[in-house]
Amino acid sequence: MFWKKKSQEEIQATVFQALSRNVDYNSETILGIPASYLDDKVFNQDASFIKDAPFISSLIQNPNHIGCHTLGKSESFFEGTHEIERDLIQICAVDILKGEPDEQDGYVASGGTEANIQAIWIYRNYFMNEYEAEQSEICILCSEDSHYSMDKAANLLTLSVFKTTVDSELRVLNAEDVRMTIQKARDAGKKYFIVISNMMTTMFGSIDLVQTYTDVLVAMNCQFKLHIDGAYGGFYYPFTDDSSLLTFENPHITSFTLDAHKMAQAPYGTGIFLIRKGYMHHVNTKEASYVEGEDYTLIGSRSGANAIAVWMILVKNGPFGWQEKVFILQKRTAWMCKQFKEMSIAFYRHPFSNIITIKAPFVPIDIATKFGLVPDNHKAPNWYKIVIMDHVTIEKLSLLIEALKAN
Ligand SMILES: *Cc1c(COP(=O)(O)O)cnc(C)c1O
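**Remarks on the side chain of Asp 105**
Item 1. Here Asp 105 shows up in strand E1 (residues 104–109).
Item 2. Of the polar contacts made by the side chain of Asp 105, one reaches the side chain of Thr 70; its length is 2.8 Å.
Item 3. Only 2.4 Å separates the side chain of Asp 105 from the side chain of Lys 277, close enough to count as a polar contact.
Item 4. Beyond its immediate stretch of four places on either side in the chain, Asp 105 contacts Thr 70, Leu 71, Ile 89, Phe 273, Leu 274, Ile 275, Arg 276, Lys 277, Gly 278 and Met 280.

**Remarks on the site of the ligand**
Item 1. Lining the immediate surroundings of the ligand are 14 residues, of which Thr 113, Asp 229, Asp 259, His 261 and Lys 262 lie closest.
Item 2. Thr 113 is positioned with one of its side-chain polar atoms (N or O) 2.6 Å from an oxygen atom of the ligand.
Item 3. Taking Asp 259, its side chain carries an N or O atom lying 2.6 Å from an oxygen atom of the ligand.
Item 4. Compared with its free state, where it exposes 380 Å², the ligand has 87% of that area covered by protein.

**Looking at empty space enclosed by the protein**
Item 1. Inspection of the entire model under this criterion finds 1 cavity of 30 Å³ or more.
Item 2. Within this model, the largest cavity holds a volume of roughly 30 Å³.
Item 3. Residue lining of the largest cavity: Asn 22, Val 23, Tyr 25, Gln 61, Asn 62, Pro 63 and Phe 78, and that is the complete set.
Item 4. Split by residue class, the lining of the largest cavity holds 4 nonpolar, 3 polar and no charged.

**Description of the environment of Arg 302**
Item 1. Along the polypeptide, Arg 302 turns up in the loop between strand E7 (271–276) and helix H8 (304–342).
Item 2. Take Arg 302: its relative accessible area is 7%, and that puts it in the buried class.
Item 3. In the structure, Arg 302 is positioned 165 residues away from Glu 137 in sequence and 34 Å away in space, judged by C-alpha atoms.
Item 4. Ignoring sequence-local partners within four residues, the contact set of Arg 302 consists of Pro 63, Asn 64, His 65, Ile 66, Gly 67, His 69, Glu 85, Tyr 107 and Val 108.

Conventions adopted
Residues numbered from 1 in each chain as written. Predicted model: local features only at pLDDT ≥ 70, side-chain atom pairs only at ≥ 80, totals over all residues. Heavy atoms only, no water. Helix = DSSP H or I, 4+ residues; strand = E, 2+ residues; numbered from the N terminus. Polar contact = N/O pair within 3.5 Å; in protein donor to acceptor, adjacent residues only side chain to side chain. Contact = heavy atoms within 4.5 Å. Near = heavy atom within 4 Å. Areas by Shrake-Rupley, 256 points an atom, 1.4 Å probe, with all protein chains shown as cover. 1 Å grid on protein atoms, 1.4 Å probe; cavity = no way out; pocket = protein on both sides within 12 Å on 5 of 7 lines; lining within 4 Å. Points joined across faces, edges and corners; volume = space filled by probe spheres on them. Nonpolar A, V, L, I, M, F, W, Y, C, P; charged D, E, K, R; others polar. Buried < 20%, exposed > 50% of the residue type's maximum accessible area, 1.4 Å probe, protein only.

Below you can see the structure in the form of structure tokens.
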């Protein structure tokens, strides 16, 4: 709906037009903000190549995207490029995650960690504001394969975490264990559940069957809010599984994290946070009175160039280009799995993911080091993973196969 492929000329025109609507420190008299262009003694501002380089120009002009631009007012100095961020949020929420237009809020966070903490922060306050919950009655529910940002969030927000186990081979949730974990939390006085379900885990690329959580939570009559951690899978899984239940069409789900700096090859600092309208106000910091429109985000000041970079990547590829990109990675992953099967190497791979996780005894440590395979645990590896990215070609993969065969 909002995601249309654009030519390089159209992209350039849109970005330069947006930058021109931002504040111009040279020609205007702007005396009150602690902001300017990048230091021109270091970053040359008139180099001729900049004229055709919208991203570099955005870095140099350095717009501040502080706050959340899908609701209320925002800093008027940078309204041109805020518009591009709003467009990006619509593309992610509507075209990728099947939300209704204008029904979601969101912003470009520093990463998946911040976006996950933002979600948990909102739900903690939501339960306290709407249900008069005591902080000690609220907990986080996730799985043992969830990212460690859940533990950071728990520590920062003083919540306890309850982790349900997954099958050691299939990496899937187990309804009985989810039930027992919830019971354990209840026995510890927890009444409100902030549930984080995975759309591709960091180590295995596994995808939680979200109904395992929701069926048990509903059957046990739990008050819960459900966030999907798609830091890894947000720009991948929606393109491999046509019948994904991890979308805004699923009424149980309220929010998502998707990292553009992982599968979308965007600059670091591009974790995207999306949430249904009606929740952001639970973390509005009204004391941020010098910020026009106040601040609903965890981060504060952040670079507008990040939002522009993700927007450029998405519209340059277009939805069909993206589908093809993912299709190629899926084919390569399947090819590699076939080689491993023929060699009787034990591994895990979710059919909709581009991660292959090999059991450590099948990989000598020197080969793992040489090929940059990442262990689940640096001290005592049980698994090593391969991530099939753009640069991980069959040519390079076959070198690993040869090394393993020669061993
Ligand atoms: C990488 C990752 C995160 C954290 O993202 P950062 O961008 O590194 O902060 C969170 N969840 C999952 C599943 C991840 O893979």
